[in-house]
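Below, each chain spelled out in residue letters.
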Amino acid sequence: MNEKEIVLSGIRATGNLHLGNYYGALRNFVKMQDDYDCLYFIADLHALTTNPDPAALHENVKNILAEYLAAGVDPDKANIFVQSDVPEISEMYLLLNMHVGIGELLRTTSFKDKARKQLGISSNDDKDIESQVIGSESNKRVNAGLLTYPTLMAVDILIQKAHKVPVGKDQEQHLELTRRFARRFNSFYNVDIFPEPENFNFGHNAVKVPGLDGSGKMGKSEGNCIYLVDEEKVLRKKVMRAVTDEGPKEPGQPISEPVQNLLTLMELTTAPEIVQSYRDAYADCSIRYGDMKKQLAEDILKVTTPIRERYKEIRADEAYIGKVVRQGAERARERASKTLEEVRKAMGIIRFY
């Protein structure tokens, strides 16, 4: 019997998970765990690039772990672990950085976008970004962890020798860098340590879950989220306040982006015939946004309520959370330590004892 392919994915520990995380990742985590050798981690080291409050970071890790479990990820089928519980990752992060160029890191789209945001730069000129990053004042600095984020992501993947990594469009460049780093290391040392990971899209286009603010995707930093653990009253209020438009002025006019966003959310949660009825109502100018939003809130609650209730049970059971974390760390370290020893040997970093 062939061994299962290794699939790895992680979510940064920056706050509670939202509908975008659920439909873009968590739901698929549950689907994969029977057919693949799955590793799912909470990326607390990646979260450090934004210098979070230490107490908040610790709570975020526990919250996300509980949300993984509440959504149906089974620790007996998939390996769930916290990134920082595997110190081999940090050591290999240092070693792999010796084969990563500063220029290729500076050119990554995500770094430039985040650097602009941190420095308050509106210019899209890449040279302007590089000069301002280098010359930035200490109170508006861009930390080196943000620059080397792709290296750490590559190590997360390569140290577990993952074959498949589900990533969204904004992470595709990082995955390609991971493949490049793997080839470079293997070639430089004439070894065959790292497989080149592929994007795993489950055989369909990636789900883009829109936010409630009328444009863009759902995201924590945008403040347009429906969280999986939102209480019923809070969730209903958020949906009822979602941005729409003034309503169609003539039959058959194109659906505006804010209304299309709500319809996209309905397509994820609501029966197809009901979604179509609201499309038809927009087309003939009879749509009532209040009714549409009440329907949407009701259908989202059918998805989130069981998760929220299970989350509360798990979050209150510190012993169970501790058991899952310890088990996950042990299993993740077993594979990571073997890979790290191969890397050390290839690089000549060999122990004398």
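Anything mentioned here points back to the structure above.
Residues numbered from 1 in each chain as written. Predicted model: local features only at pLDDT ≥ 70, side-chain atom pairs only at ≥ 80, totals over all residues. Heavy atoms only, no water.

Once that is clear, we can look at the packing of helix H11 (residues 232–240) against helix H14 (residues 289–315). Running from N to C, H11 and H14 point in directions that differ by 145°, and their axes come no closer than 9 Å. Here the hand of the crossing between H11 and H14 comes out right-handed. Contacts between H11 and H14 involve Glu-232, Leu-235, Arg-236, Val-239 and Met-240 from the first element and Gly-290, Lys-293, Lys-294, Leu-296, Ala-297, Glu-298, Ile-300, Leu-301, Thr-304 and Arg-308 from the second. Its residues assigned to classes, the contact of H11 with H14 shows 7 nonpolar, 2 polar and 6 charged. (Axes fitted to C-alpha atoms, helices over the stretch in contact; angles between N-to-C directions. Helix = DSSP H or I, 4+ residues; strand = E, 2+ residues; numbered from the N terminus. Left-handed = near helix turned anticlockwise from the far one by under 90°. Contact = heavy atoms within 4.5 Å. Nonpolar A, V, L, I, M, F, W, Y, C, P; charged D, E, K, R; others polar.)

Our focus in this paragraph is the environment of Cys-38. As for its placement among the helices and strands, Cys-38 is situated in strand E2 (residues 37–43). With relative accessibility at 1%, the residue Cys-38 sits in the buried group. Each C-alpha atom of the pair Cys-38 and Ile-6 lies 5.9 Å from the other, and the pair is 32 residues apart in sequence. In this view, Cys-38 contacts Val-7, Met-32, Gln-33, Ala-78 and Asn-79; residues no more than four positions away in its chain are not counted. (Buried < 20%, exposed > 50% of the residue type's maximum accessible area, 1.4 Å probe, protein only.)

Turning to the pattern of salt bridges, a few remarks are in order. All told, the structure shown has 30 salt bridges when counted by the stated rule. Note that Glu-104 and Arg-184 form a salt bridge whose closest N and O atoms lie 2.7 Å from each other. Placement of the pair is Glu-104 in helix H5 (residues 102–106) and Arg-184 in helix H10 (residues 172–189), with a sequence separation of 80 residues. For Lys-161, the salt bridge is made with Glu-342, and the minimal N-O distance between the two is 2.7 Å. Placement of Lys-161 in the loop between helix H9 (149–158) and strand E4 (164–165) and of Glu-342 in helix H15 (residues 318–347) is noted, with a sequence separation of 181 residues between them. A relative accessible area of 22% means that Lys-161 is categorised as partly exposed. Residue classification places Glu-342 among the partly exposed residues on the basis of a relative accessible area of 32%. Where salt bridges share partners, they join Glu-59, Lys-62, Arg-315 and Glu-318 into one cluster. (Salt bridge = Lys/Arg side-chain N within 4 Å of Asp/Glu carboxyl O.)

Attention now goes to the side chain of Asn-261. Here Asn-261 is to be found in helix H12 (residues 257–269). Residue classification places Asn-261 among the buried positions, given a relative accessible area of 10%. At a separation of 3.3 Å, a polar atom in the side chain of Asn-261 contacts the main-chain carbonyl oxygen of Gly-214. Aside from chain neighbours lying at most four places away, what touches Asn-261 is Pro-210, Gly-211, Gly-214, Ser-215 and Gly-216. (Polar contact = N/O pair within 3.5 Å; in protein donor to acceptor, adjacent residues only side chain to side chain.)

Moving on to unusual backbone geometry. Residues apart from glycine generally show negative phi values, whereas peptide bonds are mostly found in trans. Even without being glycine, Asn-51 reaches a positive phi, approximately 50°. Here Asn-51 is to be found in the loop between helix H2 (44–47) and helix H3 (54–70). Positive phi is not limited to glycine here, since Lys-161 has a value of about 55°.

Ranked by size, the top nonpolar core spans 62 residues in total, and within it Leu-19, Leu-26, Ile-42, Tyr-68 and Met-292 carry the most contacts. No other element matches the 10 residues that H14 contributes to this core. Excluding residues within four positions of it along the chain, Tyr-68 makes contact with Gly-10, Ile-11, Leu-17, Leu-26, Phe-29, Tyr-40, Phe-41, Ile-42, Val-73 and Ile-80. (Core = buried A, V, L, I, M, F, W, Y, C linked by side-chain atoms within 4.5 Å.)

Here the focus is H15. Over its 30 residues, H15 runs 41 Å from end to end, which matches the ideal 44 Å to within 8%, given 1.5 Å per residue. Trailing H15 by a residue or two, Gly-348 shows a phi angle of about 85°, which is positive. (Expected span 1.5 Å × (residues − 1).)

To continue, consider the packing of aromatic side chains. What characterises a pair of aromatic rings is the spacing of the ring centres plus the angle enclosed by the ring planes. The final tally for this structure, using the stated rule, is 8 aromatic pairs. Each ring, one from Tyr-36 and one from Phe-200, has its centre 5.2 Å from the other, and the planes form 65°; the classification is edge-to-face. Here Phe-200 lies in the loop between strand E5 (198–199) and H11 and Tyr-36 lies in the loop between helix H1 (19–32) and E2, a separation of 164 residues in the sequence. When its relative accessible area of 12% is taken as the criterion, Phe-200 is described as buried. A centroid spacing of 4.8 Å and a plane angle of 75° characterise the contact between Phe-188 and Tyr-189, whose relative ring orientation is edge-to-face. Under the relative-accessibility criterion, Tyr-189 is labelled partly exposed at 21%. (Phe/Tyr/Trp six-rings, centres within 6.5 Å; stacked < 30°, edge-to-face > 60°.)

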